[in-house]
Amino acid sequence: MHRPTIVVHLIINIYLILQKEANLGVIYIGDRSAGKTHLATELANPNNNYVRVNSSYFKNAPTATDAQNSIYNKAMELQIQLPSGNKQLILDWIDTPGEIWRKHWQTEKQSEWQHFLNTLKQTEGIILVLPPYRQIITANNINRDDFITEKQWCNRFNRWVNFFRYECPQIRHLLLCLNKADLFCDYEQEGQKLGYLPYNSPLNWQQRNSYVMQRYFRPISPQIQQLNQSISGLSVRCFITSIYNRNLLELPWIYLGSFLN
Amino acid sequence: MGNICVIGPRRSGKTTYLAALAHSYSLQKNKQKLTIKPLNDESKKLQDKAQDIICQGFSFEPTVIGSVIKNVDDLPYFSFKIDINSGFLRKTEPIQLNVRDYPGEVFEKIAEPNLADEIHKEFIEECLMNDVVGCMILLTAWEAGADSFYRRVMSRFIELMDQKDRLKNLRLSIAMSKSERGEIWPGRLDPETDLFNLHLPTMTLTLKDLIPQENLRFYALSTFGVLEQKIDPRPNRIDAMGKEGQESYLRDAAAWKPYNIIEPLYWLSTGK
């Protein structure tokens, strides 16, 4: 008598579970030349500490996402060593070309842009890779004029703030990665200080976050606060990353591994 | 074994409390040895999170109604088995706890005369169902003003219990959480007198007037505990400014020893 009802309930539950699973995507985005593809490719380097990437597609990955090539969507399987044991994460890596944020790209590739927005609406974790700004650069062998100014950097971040507020209402974790740490700090020293050890880390997550936030994200701290307050349930965390330092490179992923189911 | 629901205002530490329970594999209480085993996937995940998040110096995200939790079926449901060994040659007594963790806003909305929307009504109805043997209410505030808010919430909650015919058959354990705080810690030994009668008098009186004595108990508990009870009773926690005001983090994972976390659940479950 009650069987059909039970079956219907089961189907609904399975659908809800699948829908929930589908919502757990992590998206990897950032402005042009922020170094997104490099970071992810370097993460697949077998000389790992606590994050291992099981994915063969990196072999053919380009060094920078081709602007004409549009959105680059692949599954990425990560194994993260946490104090509770190894955790397997299957993530959707949606690497976007920097051009995606330009109006003409959005108009020309309207369906892709719409699909991207729809994906973002469901995502729970976003890794936003930011390039360093001119005033923060300390490396000598580099032309500082190639980098945007602090003011431009802050303005660009404002654009992101609005974007997240209106397009990503479900987002729970926003990881801001100020990339190319090798250009603006002693990355080896910082890597040692911030590095993760499953049992005896010199700093805990909260200390790491306030250290990085105060030291490297001060120009946009009001915007971060605004973002934190405007999206319910959102945690914004700050990281510095570099392809030359494994400790720094792995931190955002270890953080995500700890929080995402 | 019946179900237990854990309610309390936002940021009262409900999920962290349950994580501590999942994490504290073995606890000693007087001469009793308590062994806790997570039984279902959700409680095992909570145990992992305690290790990966709390022990690593971060706090849990708040349990909020929204994208992930849309209705009661989305609420986390934790199941634990607790073995209580009272001494050599004594039989081990097992109890099973099934606990639901409710979002803080559900508790806060109780005070509104007409439950604001369908979803909150649904949460409260589930909380007062017949298979729920007890309700643990975690409170944190003790400062001026808290008493009148808690009294309003409790009065309304008691009305709802009455409407659902649960006034005489639902155990309530009222617990002051975060008791490691300096102002609270000395009152932990007799919480009814030194915490509830003193700081939350009208709420306590309302409860005592309307709930049968055998169904009401007052507790003090501390999820983070103190560094060392006898020689260093500083709270084993660090407070820092977080997204929604002050947030607390575990200070020393190696010294983590929760205080009195099982007793309220044990009583709710067994009445002993």
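Up top is the structure these notes are about.
Just so it is clear, the model here is predicted, and its values are computed rather than measured. (Residues numbered from 1 in each chain as written. Chains lettered and ligands numbered in written order. Predicted model: local features only at pLDDT ≥ 70, side-chain atom pairs only at ≥ 80, totals over all residues.)

## Digging into the overall build of chain B
Stated formally: Secondary structure elements are defined from DSSP: runs of H or I of at least 4 residues count as helices, runs of E of at least 2 residues count as strands, and each element is numbered from the N terminus. As a reference, a globule follows 2.2 Å times the number of residues to the power 0.38, and the radius of gyration itself is taken over C-alpha atoms. Think of it this way: build a C-beta for each residue from its backbone, and any pair within 7 Å is a contact.
When helices and strands are counted, chain B shows eight helices and 12 strands. The C-alpha atoms of chain B give a radius of gyration of 18 Å, which matches the 19 Å a tight globule of 272 residues would have. Judged by the C-alpha coordinates and their principal axes, chain B covers about 45 × 45 × 40 Å. Of the contacts formed within chain B by residues at least 6 apart in sequence, a portion of 76% connects residues at least 24 apart.

## Some remarks on the interface of chain A and chain B
Across the boundary between the two partners, chain A contributes 17 residues, which contact 17 residues of chain B. Mapped onto the side of chain A that touches chain B, the elements with two or more residues apiece are α7 (205–216) and α9 (246–259) of chain A. Ranked by residue count, the leading element in the side of chain A that touches chain B is α7 of chain A, at four residues.

## Digging into the pairing of strand β6 (residues 132–139) of chain B
The side chains of a regular strand alternate between both faces of the sheet. Residues and elements named next belong to chain B. As a reminder of what qualifies: Any residue whose C-beta has 12 or fewer other C-beta atoms within 10 Å is treated as exposed, any with 20 or more as buried, and any in between as partly exposed, C-beta atoms being built from the backbone. By definition, two strands form a pair when at least two bridges between them are found by DSSP. Assignment of crossover handedness uses the view with strands pointing away from the viewer, where a clockwise path from the first strand over the helix to the second indicates a right-handed crossover.
Judged by how many residues are buried, β6 sits mostly within the fold: seven of eight residues are covered. The pairing of strand β1 (residues 3–7) with β6 spans five bridges and is classified as parallel. The residue bridging valine 6 from the neighbouring strand is methionine 136, located in β6. Pairing geometry for β6 and strand β7 (residues 171–176), over six bridges, is parallel. Residue pairing for β7: cysteine 135 is matched across the bridge by leucine 172. The β-α-β motif built from β6, the intervening helix α5 (residues 146–163) and the parallel element β7 has right-handed crossover chirality.

## A short note on the packing of α5 of chain B against helix α7 (residues 201–210) of chain B
Residues and elements named next belong to chain B. Heads up, the condition is: Angles shown run from 0 to 180 degrees and are taken between the N-to-C directions of axes, each axis being a line fitted to C-alpha atoms and, for helices, limited to the stretch in contact. Angle categories are assigned with fixed cut-offs, so that under 35 degrees is roughly parallel, over 145 is roughly antiparallel, 65 to 115 is roughly perpendicular, and the rest are oblique. Side-chain classes are defined by residue name, with Ala, Val, Leu, Ile, Met, Phe, Trp, Tyr, Cys and Pro counting as nonpolar, Asp, Glu, Lys and Arg as charged, and the others, Gly among them, as polar.
In contact at an axis separation of 7 Å, α5 and α7 are set at 20° when each is read in the N-to-C sense. By the angle class used here, α5 and α7 are roughly parallel. Between α5, through Asp147, Ser148, Tyr150, Arg151, Met154, Ser155 and Ile158, and α7, the contact on the second element is made entirely by Pro201, Thr202, Met203, Thr206, Leu207 and Leu210. Per-class residue counts for the contact of α5 with α7 are seven nonpolar, four polar and two charged.

## Description of unusual backbone geometry
A positive phi angle, close to 65°, is found at arginine 11 of chain B, a residue other than glycine. Within the secondary structure, arginine 11 of chain B is located in the loop between β1 and α1 (14–23).

## Structural notes on the pairing of β1 of chain B
Residue and element names in this part refer to chain B. Within β1, five of the five residues are buried, leaving the element largely enclosed by the surrounding structure. Neither face of β1 is left uncovered, since the one carrying Asn3, Cys5 and Ile7 and the one carrying Ile4 and Val6 both have all their residues buried. Strand direction decides the pairing type here: β1 and strand β5 (residues 93–101), joined by four bridges, are parallel. In the sheet register, asparagine 3 faces β5, and the bridge partner there is asparagine 98.

## With respect to the environment of methionine 136 of chain B
Residue and element names in this part refer to chain B. Positionally, methionine 136 belongs in strand β6. What makes methionine 136 buried here is the crowd of 24 C-beta atoms within 10 Å. A sequence separation of 105 residues divides methionine 136 from lysine 31, and the C-alpha atoms of the two residues are 25 Å apart. Aside from chain neighbours lying at most four places away, what touches methionine 136 is Ile4, Val6, Ser173, Ala175, Pro264, Leu265 and Leu268.

## With respect to α9 of chain A
Residues and elements named next belong to chain A. Which entries qualify depends on this criterion: Here the expected span of a helix is defined as 1.5 Å times the quantity of residues minus one. The quantity called bend is, for any residue, the angle between two axes fitted respectively to the seven residues ending at it and the seven beginning at it.
A rise of 1.5 Å per residue sets the reference length of α9, with its 14 residues, at 20 Å; its end C-alpha atoms lie 21 Å apart and thus fit the reference within 8%. The principal kink in α9, of about 30°, is found at proline 252. Burial of α9 is extensive: 13 of the 14 residues sit out of reach of the surface.

Read these as spatial facts, not as claims about activity.
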